[in-house]
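# Per-entry structural report
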Amino acid sequence: MKRLYGVIAVLLVAALLMPACAPKAPDCTKADVFCVGMVTDVGKIDDKSFNQSTWEGVKLAEKELGAIVQYLETTDSKDYAKNISTFADAGYDVIVTVGFALGEATAAAAVQYPNIKFIGVDQFQAWPYDEDKTNDIANLAGLNFPEDQAGFLVGALAAQMTKSGKIGGVFGTDVVPPVWRFGEGYRAGAQYITPAIELFIVYHNDVGFDKTFTDPEWGATTANSMIDKGADVIFGGGGKTGNGAVIAAAQRSVYAIGVDTDQYYTLPEAQKMLLSSAMKLLTPGTLELIKLAKEGKFPSGNYLGKGGYAPYHDLDSQVPAEVKTKMEAINAGLLDGSLLTNVPPVKP
Amino acid sequence: MDWRRFGFIAFIITILFSVVVLIGKAEISPVVIVTSMLATTIAVATPLTLGALCGVYCERAGVVNIGIEGMMLAAAFFGWLTAIYMNTVFGLAPMPSLLGGVAAAILTGGLLGLFHAVLSVTFKVDQIIGGTVINILAVGITGFLNRQLFFEKGSIFGGNVPHAPGVLPRIQIPLLADIPVVGRIFDQQPITFAAILLVIITHFVLFYTRWGLRTRSVGEHPRAADTVGIDVYFMRYANVIIGGMLAGLGGAYFTLESVPSFEPLMTNGRGFIALAAMIFGNWTPFGAWAAALVFGAAQALQINLQFFRESIPPQWAFLQISYVVGLAPYLLTMIILTGIIGKNIPPAADGQPYEK
């Protein structure tokens, strides 16, 4: 027995010494080491959606700019500030925070650490934002996207592809403006094609804020309920909740539309019925801002990325040529400003 | 379970459905609305029903089980994990993998049931604490393994969370499912059907078999049962394990029937709602099922009201706030527990360890 204790003691000491043997991390406090840290929203780095696409942009910065990159997954919304300051205290040069919910924590950190550049993905900078930028926090840029345009595009597509004249959309909470803009853009796009179209639009307004994006079961149940009522195109928008809706739609063989990224690659189980995805071009947007930060041309305030719609992939042959032409015309119209979605930036 | 209580439950469900029909009838025919709400209600009630049946078996035998939530969560995770391993690592076809996953979920539930029985029957640990241990253990172990196996660098799936090989296919009951519109109710997934069958089986077992009589006797008066030669410990062990297996099947609903993915804390308190449903149903299988349907109907209401948000009349504007509607089942539970609809009578020896 005594010997056993001895063995355990040795193992314990060895375990304590382990971290000391780990390879030494590059020192981000040095001026010539360019470090980019990313803090995820509650959710995983590989959420097949938001965190993942942003991280891909950060990884491009690793490849193209030689940056040292690292991420921290947030498991609880209480940890936002703590995770941000973990990077800030380690001397990172750029900190990317993903998601609307981190907005306050990011702005607070930007004031506290004026020498670090902060990129707030999906964080609309709501304070008075004037031409001379005197009211902006100089080291904070909110990377935003015209979600209403991306939603408008897939709404128009859904309205053209439906046979029953009924389409559905399952979203995370409408308290988050980007989610709301997707939903209302979808509505506007569908009504642009067919003004009298029957629309089922449901936001997940559960009491728990975190829960509204990580509830695939609710998303699937809601999508099924819409399909029962005759909807034959389902747009799922809002993290894993939306993914649940997209998968449920594909399982019941109705058209599904993904969100944020081209979900053809991220939701293989929905591929055969995935019509398109309403895309925020997160990866190029993130890379662009990191580049600007490195070159010392960091913009403050709101930085607008681009929206779009994903290719039809497997369903390419089912989409009529005139629909494709119409979609290109709508996309061009939205980009040059001749076509407006008329969706306000936040829920009135 | 008395008829008054069933009447009350039917009344509540009718009200919940009528609200949506009244608001939505201008846009969609009432038959379609009611059918779709019934289909949603039955599917959503599945884990609650199975969880409540778990509670019925355990408590009828005299063991309080508040660990249903943890049993379901652990079963959801290990069932999902097994299905993924069988499909991606061992290369089995999706269908056997899913069935293997269901079997693993039931086994997980059964093992946790055994654990609860060891704590509460053999070691006579306070049963509330035993159940709490299971809940905490399940949250910790699923969260930890989920992270270690799928998210850490160099883990087996290289940081990409795989989805389970699809979900259990829908089963159409011949003839009934072919009826236009209404047929949708008879087009459900296997665990949903199994839950309903198990309600009937549990009712039969508890009230019409020797096993059931013995189970109830050790829950009502273990000393008397012991004197006539019934092995109290064995009966309690067996019923808690059976209950655990049912909760395990309920867990499989989340990751193998509803969606092919796992989320930490996915069961989201449904194990506790199941416990409320069991009390609401006065420790009877049919009562518990009916109560589970009320909770299902409340969720169907919450989803459906949003479809017709524009049609909600202004004086009912509070219905637009969906969590106001979501509160309905909890308020109902509180009303029921106050004893307005008849008294709830638990088994007499419920929660009391038996000393030989």
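These numbers come from a predicted model, not from an experiment. (Residues numbered from 1 in each chain as written. Chains lettered and ligands numbered in written order. Predicted model: local features only at pLDDT ≥ 70, side-chain atom pairs only at ≥ 80, totals over all residues.)

Scanning chain B from terminus to terminus reveals 13 helices and 2 strands. Once the C-alpha set of chain B is aligned to its principal axes, its extents read approximately 65 × 60 × 40 Å. Buried positions account for 53% of the 356 residues belonging to chain B. Looking at chain B alone, contacts between residues at least 24 apart form 77% of all its contacts between residues at least 6 apart. (Helix = DSSP H or I, 4+ residues; strand = E, 2+ residues; numbered from the N terminus. Buried ≥ 20, exposed ≤ 12 C-beta atoms within 10 Å, placed from the backbone. Contact = placed C-beta atoms within 7 Å.)

Our focus in this paragraph is the overall build of chain A. When its secondary structure is counted, chain A shows 10 helices and 12 strands. Here chain A, with 348 residues, has 53% of them falling under the buried criterion.

The next subject is the environment of A:Gly244. Here A:Gly244 lies in helix α8 (residues 239–251). For A:Gly244, a count of 29 C-beta atoms within 10 Å corresponds to the buried category. Taking C-alpha positions, A:Gly244 is 20 Å from A:Lys166, a pair spaced 78 residues apart along the chain. Ignoring any residue separated from it by four or fewer positions in sequence, one finds A:Gly244 in contact with A:Pro216, A:Glu217, A:Trp218, A:Gly219, A:Ala220 and B:Val259.

Right, let's get into the domain arrangement of chain A. All names here are of chain A. Domain annotation of chain A identifies domain 1 (35–145 + 284–292 + 296–304) and domain 2 (147–279 + 312–336). The C-alpha centroid of domain 2 is placed 27 Å from the C-alpha centroid of domain 1. If you look at the interface, domain 1 gives 12 residues, while domain 2 gives 14 residues. (Domains from an automatic or database assignment.)

Residue and element names in this part refer to chain A. Direction vectors running N to C along helix α5 (residues 147–161) and helix α10 (residues 321–336) enclose 160 degrees, while the axes themselves pass 10 Å from each other. It follows that α5 is roughly antiparallel to α10 by the angle criterion. For α5 against α10, the interelement crossing comes out right-handed. On α10, the residues that touch Gln149, Phe152, Leu153, Ala156, Leu157, Gln160 and Met161 of α5 are Val323, Lys326, Met327, Ile330, Asn331 and Leu334. For the contact of α5 with α10, a count of residues per class yields 9 nonpolar, 3 polar and 1 charged. (Axes fitted to C-alpha atoms, helices over the stretch in contact; angles between N-to-C directions. Parallel < 35°, antiparallel > 145°, perpendicular 65-115°, else oblique. Left-handed = near helix turned anticlockwise from the far one by under 90°. Nonpolar A, V, L, I, M, F, W, Y, C, P; charged D, E, K, R; others polar.)

Residues and elements named next belong to chain A. Read from one edge to the other, the open sheet built from 6 strands follows the order β2-β1-β3-β4-β5-β11, with strand pairing classed as parallel. Strands with a single pairing partner mark the edges of an open sheet, and in this sheet they are β2 (68–74) and β11 (301–304). Going across the sheet, the axis of each strand differs from the next one's by a mean of 20 degrees, ignoring polarity. Most of the contacts of helix α2 (residues 50–65) go to strand β1 (residues 35–42), to which it runs at about 175 degrees, and overall it touches β1, β2, β3 (94–98) and β4 (117–121). (Pairing = 2+ DSSP bridges.)

Before going further, it helps to spend a moment on the interface of chain A and chain B. Bring the parts together and some accessible area is lost; that lost area is often taken as the interface size. Between chain A and chain B, the contact holds 24 residues from the first and 29 residues from the second. For the side of chain A that touches chain B, the element with the most residues is helix α7 (residues 216–228) of chain A, which contributes 8 residues. Of the residues belonging to the side of chain A that touches chain B, the class tally is 7 nonpolar, 8 polar and 9 charged.

As a further point, take the pairing of β1(A). Residues and elements named next belong to chain A. The buried fraction of β1 amounts to 8 of the 8 residues, a majority that puts the element mostly inside the structure. In terms of strand pairing, β1 meets β2 through 6 bridges, oriented parallel. Residue Gly37 lies in a different strand from β2, and its bridge partner there is Gln70. In terms of handedness, the path from β1 via α2 over to β2 forms a crossover that is right-handed. As defined by bridge partners, β1 adjoins β3 across 4 bridges and the pair is classed as parallel. Opposite Met38, over in β3, you have Val96 as the bridge partner. (Right-handed = clockwise from strand over helix to strand, strands pointing away.)

The next subject is the confidence of the model for chain B. Per-residue pLDDT for chain B averages 88, and the proportion of residues at 70 or more is 92%. In the predicted complex, the global pTM is 0.82; the interface-specific ipTM is 0.87. (pLDDT = per-residue confidence, 0-100.)

Whether parallel or antiparallel, the strands of a sheet pair through hydrogen bonds between backbone atoms. Residue and element names in this part refer to chain A. Reading across from one edge, β7-β6-β8-β9-β10-β12 is the order of the 6 strands in this open sheet, with mixed pairing throughout. Each edge of the open sheet is held by one strand with a lone partner, namely β7 (198–203) and β12 (307–309). For this sheet the average axis-to-axis angle between neighbouring strands, irrespective of direction, equals 15 degrees. In the sheet, strand β6 (residues 166–171) pairs with strand β8 (residues 233–237) via 4 bridges, with the strands oriented parallel. Bridge pairing in β8 links Phe171 to Gly237.

Residue and element names in this part refer to chain B. Checked against the element boundaries, Ala104 lands in helix α4 (residues 94–122). Residue class for Ala104 comes out buried when judged on the 23 C-beta atoms lying within 10 Å of it. Along the sequence, Ala104 and Ala252 sit 148 residues apart, while their C-alpha atoms lie 8.9 Å from each other. Apart from residues lying up to four places away in sequence, Ala104 is in contact with Phe78, Gly79 and Thr82.

Let us look at helix α5 (residues 127–150) of chain B. Residues and elements named next belong to chain B. Across its 24 residues, α5 extends 34 Å between first and last C-alpha, which sits within 8% of the 34 Å expected from 1.5 Å per residue. Buried within α5 are the following residues: Gln127, Gly130, Gly131, Ile134, Asn135, Ala138, Thr142 and Phe150. On its buried face, α5 is in contact with α3 (68–89) and α4. (Expected span 1.5 Å × (residues − 1).)

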